[in-house]
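Reading the structure
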Amino acid sequence: MTMLESLASPADPTIAVWVEGLTKRFVHRSLLRRSEPQVVTALENLTFSVERGEIFGILGANGSGKSTLIRVLSTLLIPDRGTARVFGCDVVREAGQVKRLINRVSVEASFFKRLSAMENLLYASRLYGRHGRGLRADIVATLGRLGIGADQIDQPLEEFSRGMQQKVAIARAFLTSPILLLLDEPTTGLDPRSKRDVQALVHQLRAEHDATILLCTHDLDEAEALCDRIAILDRGRLVAVDTPERLKAMAARPGASSPSLEEAFLALTGHALEAELAGKPG
Ligand SMILES: Nc1ncnc2c1ncn2[C@@H]1O[C@H](COP(=O)(O)OP(=O)(O)OP(=O)(O)O)[C@@H](O)[C@H]1O
């Protein structure tokens, strides 16, 4: 825990996300009747906070708990223990208020698939109170920046590839200007050029819209390029929270060249980021 985290309080307006003692377990029942159900601890007593305006990364291997954390923060899952607040609102008791403050972008982005990108984005923007003449032009410009041309804008989304739908989800987050943007693996499955477009838009979103961004990834380069601070999750436990530079410094050995973020991850968790942890009981 950093000095700031030990001094901050959940009511502090400069704190966007406040997580204290957060624990979530799942019971995995085997199809074979004789074997005992297994309890998987997806999140184990997490405590951290994210400052308003930060781009905060959650880095962890498959099954380390990243999506579970995002789902708790977006009010889709109820934690077993502990609390989580978004700008002071409790994600369980004040879920309605939290929903108005967040926008979650994930692979299972929900759209009206038979409607076009333009129709979906007009609907979402109006839901967030955006109207007026400039809206259509903004939608065209935002999609254009992500490489979706004017000729594709009126096509039904069901005809878009997964990567293109992911871009429309990111455009939606940009157009609706949420205060907290939860990005769950936003560039997975995108080609390198599209990845760079998305990353540029994330930076712009923070700069122009006073957004706080929580980004789950297992892409080390992306985490390093985008994040002010990174939390490393390992089997549901928080092993470190710090700037990329300080995480790397933690893994430095006297006389050796300065470690990469990948080496820092290995030193802090004891395994490589690609390690498959899914299904391991906590
Ligand atoms: N709905 C669920 N029911 C049962 N177990 C679950 C559920 N959701 C997650 N888990 C388990 O919780 C653990 C953490 O999963 P989670 O999806 O949060 O990890 P992750 O870090 O997001 O992984 P990935 O990078 O593969 O998306 C895993 O062991 C997973 O099997």
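Residues numbered from 1 in each chain as written. Predicted model: local features only at pLDDT ≥ 70, side-chain atom pairs only at ≥ 80, totals over all residues. Heavy atoms only, no water.

Under an unreviewed UniProt entry, the name given to the protein chain is ABC transporter ATP-binding protein, and the source organism is Thermalbibacter longus.

This next bit is on the site of the ligand. In the vicinity of the ligand, 15 residues are found, and the nearest of them are His-28, Gly-63, Lys-66, Ser-67 and Thr-68. At 3.0 Å, a backbone N or O of Gly-65 approaches an oxygen atom of the ligand. A distance of 2.5 Å is found between an oxygen atom of the ligand and a side-chain nitrogen or oxygen belonging to Thr-68. Protein contacts shield 68% of the accessible area of the ligand, which totals 630 Å² for the unbound molecule. (Near = heavy atom within 4 Å. Polar contact = N/O pair within 3.5 Å; in protein donor to acceptor, adjacent residues only side chain to side chain. Areas by Shrake-Rupley, 256 points an atom, 1.4 Å probe, with all protein chains shown as cover.)

Our next topic: the pattern of salt bridges. Applying the stated criterion across every chain, the model contains 13 salt bridges. The closest approach of N and O atoms between Arg-114 and Glu-158, which form a salt bridge, is 3.7 Å. Within this pair, whereas Arg-114 is found in the loop between β6 (102-105) and α4 (117-127), its partner Glu-158 is found in the loop between α5 (134-145) and α6 (162-176), the two being separated by 44 residues in sequence. Its relative accessible area of 45% is what places Glu-158 among the partly exposed residues. The shortest N-O distance in the salt bridge between Arg-193 and Asp-197 comes to 3.9 Å. With Arg-193 and Asp-197 both in helix α7 (residues 192-209), this residue pair falls four residues apart, about one helical turn. (Salt bridge = Lys/Arg side-chain N within 4 Å of Asp/Glu carboxyl O. Helix = DSSP H or I, 4+ residues; strand = E, 2+ residues; numbered from the N terminus. Buried < 20%, exposed > 50% of the residue type's maximum accessible area, 1.4 Å probe, protein only.)

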